[in-house]
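Chain by chain, the residues:
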Amino acid sequence: MTEKADLQSVLDRAAGGGRITPEEALVLYRDAPLHALGAAADAVRRRKYAGIEHIATYIIERNINYTNVCVTACKFCAFYAAPKDTAKGWTRDLDDILRRCAETVELGGTQIMFQGGHHPDYGVEYYEKHFKAIKDAYPQLVIHSLGASEVEHMARISGVSVEEAITRIHEAGLDSFAGAGAELLPERPRKAIAPLKESGERWLEIMEAAHKLGVESTSTMLMGTGETNAERIEHLRMIRDVQDRTGGFRAFIPYTYQPENNHLKGRTQATLFEYLRMIAIARLFLDNVQHIQGSWLTTGKEVGQLSLHYGADDLGSIMLEENVVSSAGAKHRSNRLEIIDLIRKAGRVPAQRATTYEHLLVHDDPANDPVDDRVVSHISSTAIEGGTAHPELKLLTSN
Ligand code: SF4
């Protein structure tokens, strides 16, 4: 049999729902024709969503950055300030955070992504206090936030086990983990970009502990900081192995490295084709993960649209506020009507979803599209009534 026939037979098996090995995934990722790879991934998506395969989802959320002070100093990060850098560092007080939650509710947002640095003083108690206050005031908001890195950090600060930290913040109001801090799980690329973060194995151990304690999560991958194709596939393998045991990863979300304002020099960003290939191979290889999310924030709207034909079923969020990847150069912005239009023009029926992916509002008739054009991504705090801008937010709005 020729190499080409081998490749086609693996592609056919994957498209038919058969499990593929990491070695086979690497061959497909590297060598399969782009359209054939996308078609196989789309076939899997259609079968997984039989009956609702015509729908693609989005969510309205707000990232609330509580501090940029961080002891972990990841080299790819343009957001953090070292604790000694008092000119750049800031923290947000609880009233400010609650006001942002109120605005989120007012604009129809359903989810909060509480996101920030590893502040040297923030242990479990800090997160308990804030999650409880958010839930007391806005029980309708889902707190889908943090990840294994924050758990490792807060448990260390408070001198408790990660299991205790997870249990306590869950009881205080955290609904699910956002899978932050996964970056690249294999050792070599992780050490190269985030040498002070916990290992990839430890990241997975903590997520596994969370899943076993009843806290589900999403999973992510940062592409394009110099990792090899084999390391990308190894990242997927590590996630699939845990998922086989727990089933706790709701989604996989790859996104591309943004090169501005950080300490990584000379990195070649992942190309858009590499990104689309990753969406497709993730759909084929991660046969045990239900949702694959396409991203328009770092790759642009057209690529976001294309991702829906390469295995993605969801287009992520209209972020009412985002400052982390934006600090590193992600400049794409959108609003609700644009996302709806974009999904429609990709040949799908748009639906606003909940954190747990139930459809909240199916936009099956353009005549009934929502008219509130304040639901715009990337608006800074100053763009919403009563906001207090931090310096980096002013910078963001002037982009
Ligand atoms: S990515 Fe997160 S942990 Fe790393 S430096 Fe930035 S804020 Fe800190």
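The rules behind the values
- Residues numbered from 1 in each chain as written.
- Predicted model: local features only at pLDDT ≥ 70, side-chain atom pairs only at ≥ 80, totals over all residues.
- Heavy atoms only, no water.
- Buried < 20%, exposed > 50% of the residue type's maximum accessible area, 1.4 Å probe, protein only.
- Helix = DSSP H or I, 4+ residues; strand = E, 2+ residues; numbered from the N terminus.
- Right-handed = clockwise from strand over helix to strand, strands pointing away.
- UniProt positions renumbered as here; feature names shortened; annotations may be inferred.
- Contact = heavy atoms within 4.5 Å.
- Polar contact = N/O pair within 3.5 Å; in protein donor to acceptor, adjacent residues only side chain to side chain.
- Expected span 1.5 Å × (residues − 1).
- Pairing = 2+ DSSP bridges.
- Axes fitted to C-alpha atoms, helices over the stretch in contact; angles between N-to-C directions.

Caption draft 1: Summary view of the pairing of strand 4 (residues 217–223). Most of strand 4 sits inside the fold, with seven of its seven residues counted as buried. Here strand 4 shows two buried faces, one formed by Ser217, Ser219, Met221 and Met223 and the other by Thr218, Thr220 and Leu222. The β-α-β motif built from strand 4, the intervening helix 10 (residues 229–246) and the parallel element strand 5 (residues 249–256) has right-handed crossover chirality.

Caption draft 2: Here's a closer look at the UniProt feature "binding site: S-adenosyl-L-methionine" (unreviewed entry) in the protein chain. Here, UniProt's "binding site: S-adenosyl-L-methionine" (unreviewed entry) annotation points to Phe76 and Glu183. Maximum C-alpha separation among the annotated residues is 9.8 Å over a sequence range of 108 residues, consistent with a single clustered spot. Of note, phenylalanine 76 is situated in the loop between strand 1 (55–65) and helix 4 (94–106). A relative accessible area of 13% means that phenylalanine 76 is categorised as buried. The contact partners of phenylalanine 76, leaving out residues within four places of it in the chain, are Glu183, Ile193, Ala194, Lys197, Leu222, Tyr257, Asn262 and Leu264. Within the secondary structure, glutamate 183 is located in the loop between helix 7 (162–172) and helix 8 (187–193). Look at glutamate 183 and you get buried, because its relative accessible area is 4%. Look past the residues within four positions of glutamate 183 in its chain and what remains in contact with it is Phe76, Arg190, Ile193, Lys197, Thr220, Met221, Leu222, His235 and Tyr255. At a separation of 2.5 Å, a polar atom in the side chain of glutamate 183 contacts the side chain of lysine 197.

Caption draft 3: Focus on helix 3 (residues 34–48). Its 15 residues place the ends of helix 3 21 Å apart at the C-alpha level, agreeing with the 21 Å of an ideal helix rising 1.5 Å per residue. Those residues of helix 3 lying buried are Leu34, Leu37, Gly38, Ala40, Ala41, Asp42, Val44 and Arg45. Among the structural elements, helix 1 (3–15), helix 2 (22–31) and helix 11 (272–285) are those in contact with the buried residues of helix 3.

Caption draft 4: Representation of the sheet that holds strand 5 in the model. Here three strands make up an open sheet; going across it, the order is 4-5-6 and the pairing parallel. In the strand order of this sheet, the two ends are held by strand 4 and strand 6 (291–292), each with one partner. Pairing analysis gives six bridges linking strand 4 to strand 5, with the strands arranged parallel. If you follow serine 219 over to strand 5, its bridge partner there is phenylalanine 252. Lying over the sheet, helix 10 contacts strand 4 and strand 5, oriented at roughly 170° with respect to strand 4.

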